[in-house]
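Here is how the chains run, residue by residue.
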Amino acid sequence: MSNLSLDGYDHLLRKLKERIRTAQVRAALAVNRELVVLYWQIGREVLTRQQQQGWGAKVIDRLAKDLQREFPEMKGFSSRNLKYMRSFAETYPDESIVQEVLAQITWYHNVALLEKLKAQDERLWYAQQTIAQGWSRNILVHQIESELYRRMGGAITNFDRALPQPQSELAQQLIKNPYCFDFLNLSTNAQERDLEKALLQHIREFLLELGVGFAFVGSQYHLEVDGDDYYIDLLFYHLKLRCYIVIDLKISEFQPEFSGKMNFYISAVDDLLRHADDKPTIGIILCKGRKKTAAEYALRDVNKPIGISTYQLKGSLPESFQQSLPSIEQLEMELDTIAAAVISEEDTDA
């Protein structure tokens, strides 16, 4: 084959690989959707018969044996899984919710939602976040056990005055309180530089806790103003908000003067780094603790968008809660899995 034909062949092979990957992803999604809907339908049938004909719990054991005998190649017809199907149908009587939301995540994600949560609105919120952020089951469980739902949007901010809509609402929901740094093992006498260094050593877990959209720009980011040197603890860019985010780390409780320093940093970033197309820079002051009224007073007359939040280290969490959290190694394995999936999707979209 000539060089020209070889180039043509390589192009053909690349295109075919992309098409096959796309078909594989679509097929996997379609199979998952059909499986989740099938399990809901089986659960509804069992639930209806039990309610209308008074069948007891033993019918599930019998049904499991008969289905396993008829479909030996399928692994989902254990007695335990059939009970999950019944609970699934009982929890979500509206099939449209199953079709539109829950069929977009795996059955094992749905089982985790059933096991870990009681409130319907929380289950649906975590399901939607799983879809949007590509969480594995273990990451979903970690987010549930760290009470992400209750931490989202809990920071004290002035975003409603300092940012236009809809950016102000998006930014408010972006910032958690508290942040859970359970992956760090720091002593009680750790300094701010120790905290920063530890976060950078576990940057992937830190980004996972911050949430989707944060792109790391730098630590101790240098700015020169009037010939003097200033250093920002952590600088990020948020891809959805389209703005820089300055994070100032504090190992003490919030003090009113912290907001003045952050106001300075935001002004400097807006002038020195911000592009004409970027939205206003946002500042997050991360403290060991805060008092609500003092934090609100500190932001009352500040025009730059600032959020004040707290963080918790593993040592400050209840022992029972610490034991329920995955290890750093487990999180890293899950993050590797997510990264591989993202790379595969990027290859598909190429």
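Look a little higher up for the structure.
Residues numbered from 1 in each chain as written. Predicted model: local features only at pLDDT ≥ 70, side-chain atom pairs only at ≥ 80, totals over all residues. Heavy atoms only, no water.

S.K.: What am I meant to see in the overall build of the protein chain here?
M.R.: Across its full length, the protein chain holds 16 helices and seven strands. Taken over 350 residues, the protein chain has a buried fraction of 43%. Taking contacts inside the protein chain between residues at least 6 apart in sequence as the whole, the part at least 24 apart equals 64%. For the protein chain, the exposed surface amounts to about 19,400 Å²; the carbon and sulfur share of it is 51%. (Helix = DSSP H or I, 4+ residues; strand = E, 2+ residues; numbered from the N terminus. Buried < 20%, exposed > 50% of the residue type's maximum accessible area, 1.4 Å probe, protein only. Contact = heavy atoms within 4.5 Å. Areas by Shrake-Rupley, 256 points an atom, 1.4 Å probe, with all protein chains shown as cover.)

S.K.: Looking at this structure, I do not really get the pairing of strand β3 (residues 214-225). What am I missing?
M.R.: Side-chain direction in a regular strand flips from residue to residue, so the side chains alternate between the two faces of the sheet. Here 10 bridges tie β3 to strand β4 (residues 228-238), and the two strands are oriented antiparallel to one another. Residue pairing for β4: Tyr-221 is matched across the bridge by Ile-232. The turn linking β3 back onto β4 is made up of two residues, and Asp-226 within it adopts a positive phi angle of 55°. (Pairing = 2+ DSSP bridges.)

S.K.: For this particular structure, what's the right way to read the pattern of salt bridges?
M.R.: Any two side chains of opposite charge can pair, so long as their charged atoms come close to each other. Taken as a whole, this structure holds 13 salt bridges when the rule is applied. Among the salt bridges present, the one from Arg-274 reaches Asp-270, with a minimum N-O distance of 3.9 Å. The partner of Glu-296 in a salt bridge is Lys-292, and the shortest N-O contact between them spans 2.6 Å. Of this pair, Glu-296 and Lys-292 are both found in helix α14 (residues 292-299), four residues apart, which corresponds to roughly one turn of the helix. A relative accessible area of 34% places Glu-296 in the partly exposed class. Through salt bridges that share partners, Arg-151, Lys-176 and Glu-209 make up one connected network. (Salt bridge = Lys/Arg side-chain N within 4 Å of Asp/Glu carboxyl O.)

S.K.: Is there a simple way to think about a negative patch on the surface in this case?
M.R.: Together, Glu-224, Asp-226, Asp-228 and Asp-229 line one region of the surface with negative charge. Within the secondary structure layout, Asp-229 lies in strand β4. Taking the relative accessible area as the measure of exposure, Asp-229 reaches 45% and is therefore partly exposed. (Patch = residues over 30% accessible without salt bridge, like charges linked within 9 Å, V, L, I, M, F, W, Y side chains within 5 Å. Lys, Arg positive; Asp, Glu negative; His and termini not counted. Charge placed at Lys NZ, Arg CZ, Asp CG, Glu CD.)

S.K.: What is the right way to read a nonpolar patch on the surface from this model?
M.R.: Together, Leu-38, Phe-71 and Met-74 give the surface a local cluster of nonpolar side chains, amounting to about 210 Å² of exposed area. Inspection of the secondary structure puts Leu-38 in helix α1 (residues 3-53). On the basis of relative accessible area, Leu-38 is assigned to the partly exposed category, the value being 31%.

S.K.: Help me understand the nonpolar core, please; the structure alone is not making it clear to me.
M.R.: One broad rule of soluble globular proteins: the nonpolar side chains tend to lie buried together. If you look at the biggest cluster of nonpolar residues, it comprises 38 residues, and the most contacted ones within it are Phe-88, Tyr-92, Leu-102, Leu-113 and Tyr-126. Among the elements of the structure, α1, α2 (58-70), α3 (79-91), α5 (107-116), α6 (120-133) and α7 (137-145) are those that each provide at least two residues to this core. For this core, the element with the most residues is α1, which contributes six residues. Discounting residues that sit within four places of it in the chain, Leu-102 has contacts with Val-36, Phe-88, Tyr-92, Ile-97, Asn-110, Leu-124 and Ala-127. Leu-163, Leu-210, Leu-234 and Leu-249 belong to the second-largest nonpolar core, a separate cluster that totals 27 residues. (Core = buried A, V, L, I, M, F, W, Y, C linked by side-chain atoms within 4.5 Å.)

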